[in-house]
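Survey of secondary and tertiary structure
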Amino acid sequence: MINIILAVLSTLGALAILFASIGILRMPDFYLRLSVTVKASSLGVGLLLICAAIMFPGDASVTTKAIAIIFFLIITAPIAAHMIGRTAYFIGTPLWKGTVVDELDGMYNKETHELQSDPRQAVDKSTSPLDDQIADTEDETK
Amino acid sequence: MTLANYFDFVILPILTLSVVLVFVRLFKGPAIVDRVIALDLIITIGIGIITVYSIRQNQKILLDVAIILALIAFLGTIAFSYYIEKQKDD
């Protein structure tokens, strides 16, 4: 019985990690890749660690370590994703050409790196509609 | 099929294939931020591989390495994003 639970949990974890890696390879631009990989890989590694906690029964150190790693991953993965996504927007990584709306367009003050809620307060020279970050061709974000 | 064989012949090959797929993105990623998240994902998959390996070898001490790797992945991504953002100012 416990073998079946372990097999199901580890299969789900490995498949979630496989889908994350297919997503980082196939998604059309950086922001979609980021949103796919962080969640799926956290889920997959969490399931594998739960497997390890079940596999060593009656051993408190393994359970504590597994819970610590899961807690740490869930706390830190969104922070790292937010930081790297913000940096990517600042250095001008293009969005996919099929992007419908870019709500951050003109909202960032590029001098002080602050986010404004009113685009007129942000001193941004490049707010003309032709000069946004949405890519013109598919090849720019490949 | 025993559970040990299942871990050896199904789970570990799937994880290895995942690392290879992510490595393709690390190799060809158009921007530097693509490479940063590919490295982050490789380390996260490495935590999973270490976990499965510690189950198979019955060595629970290997989970300590997984804790350190999780710390290093977070610090590396934060440091990369901080300094890439600073680079544009000068």
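Calculation rules
Residues numbered from 1 in each chain as written. Chains lettered and ligands numbered in written order. Predicted model: local features only at pLDDT ≥ 70, side-chain atom pairs only at ≥ 80, totals over all residues. Core = buried A, V, L, I, M, F, W, Y, C linked by C-beta atoms within 7 Å. Buried ≥ 20, exposed ≤ 12 C-beta atoms within 10 Å, placed from the backbone. Helix = DSSP H or I, 4+ residues; strand = E, 2+ residues; numbered from the N terminus. Contact = placed C-beta atoms within 7 Å. Nonpolar A, V, L, I, M, F, W, Y, C, P; charged D, E, K, R; others polar. Expected span 1.5 Å × (residues − 1). Axes fitted to C-alpha atoms, helices over the stretch in contact; angles between N-to-C directions. Parallel < 35°, antiparallel > 145°, perpendicular 65-115°, else oblique. Left-handed = near helix turned anticlockwise from the far one by under 90°. pLDDT = per-residue confidence, 0-100. Domains from an automatic or database assignment.

1. Describing the nonpolar core
L49(A), C51(A), A52(A) and I84(A) are the most contacted members of the largest nonpolar core, which has 47 residues in total. Of all the elements in the fold, those that place two or more residues in this core are α1 (2–26), α2 (30–55) and α3 (60–90) of chain A together with α1 (3–28), α2 (32–57) and α3 (63–87) of chain B. Of all the elements, α2(A) adds the most residues to this core, at twelve residues. The residues touching A52(A), leaving out its near neighbours within four places in the chain, are V62(A), A66(A), T51(B), S54(B), I55(B) and L63(B).

2. Comments concerning the interface of chain A and chain B
Listed by partner, the interface residues are 45 residues for chain A and 41 residues for chain B. Contributions of two or more residues to the side of chain A that touches chain B are made by α1, α2 and α3 of chain A. The greatest single-element share of the side of chain A that touches chain B, amounting to 14 residues, is contributed by α3(A). Considering only residue class, the side of chain A that touches chain B consists of 29 nonpolar, twelve polar and four charged.

3. Things to note about the environment of A70(B)
Mapped onto the fold, A70(B) is located in helix α3. Taking C-alpha positions, A70(B) is 7.6 Å from I43(B), a pair spaced 27 residues apart along the chain. Non-local contacts of A70(B), meaning those with residues more than four positions away in its chain, are made with I69(A), F72(A), L73(A) and I47(B).

4. Considering α3(B)
A rise of 1.5 Å per residue sets the reference length of α3(B), with its 25 residues, at 36 Å; its end C-alpha atoms lie 36 Å apart and thus fit the reference within 8%. Here α3(B) has its buried residues at L63(B), A66(B), A70(B), A73(B), F74(B), T77(B), F80(B) and S81(B). On its buried side, α3(B) packs onto α2 and α3 of chain A together with α2 of chain B.

5. Side note on the packing of α1(B) against α2(B)
All names here are of chain B. At a minimum axis distance of 9 Å, the contact between α1 and α2 shows a crossing angle of 170 degrees. With respect to each other, α1 and α2 are oriented roughly antiparallel. For α1 against α2, the interelement crossing comes out left-handed. The segment α1 lies against α2, with A4, F7, D8, I11, L12, L15, S18, V19, V22, F23, R25 and L26 engaging D34, R35, A38, L39, L41, I42, I45, G48, I49, V52, I55 and R56. Across the contact of α1 with α2, the residue classes tally to 17 nonpolar, two polar and five charged.

6. Section: the confidence of the model for chain B
Residue and element names in this part refer to chain B. Overall, the prediction assigns chain B a mean pLDDT of 91, with 97% of residues at 70 or greater. Within chain B, the element-level pLDDT minimum falls on α3, averaging 92, and the maximum on α1, averaging 94. Across the predicted assembly, pTM comes out at 0.89 and ipTM at 0.92.

7. A few points about the domain arrangement of chain A
Taken domain by domain, chain A holds domain 1 (2–81) and domain 2 (94–142). Tallied by class, residues from the side of domain 1 of chain A that touches domain 2 of chain A come to four nonpolar, no polar and one charged.

8. Some details on α1(A)
Think of an α-helix as turning once every 3.6 residues; residues three or four places apart then point the same way. Between its first and last C-alpha atoms α1(A) spans 36 Å; for 25 residues at 1.5 Å apiece the expected length is 36 Å, and the two agree. Taken together, the buried positions of α1(A) are S10(A), G13(A), A14(A), A16(A), I17(A), A20(A), S21(A), G23(A) and I24(A). Lining the buried residues of α1(A) we find α2 of chain A together with α1 and α2 of chain B.

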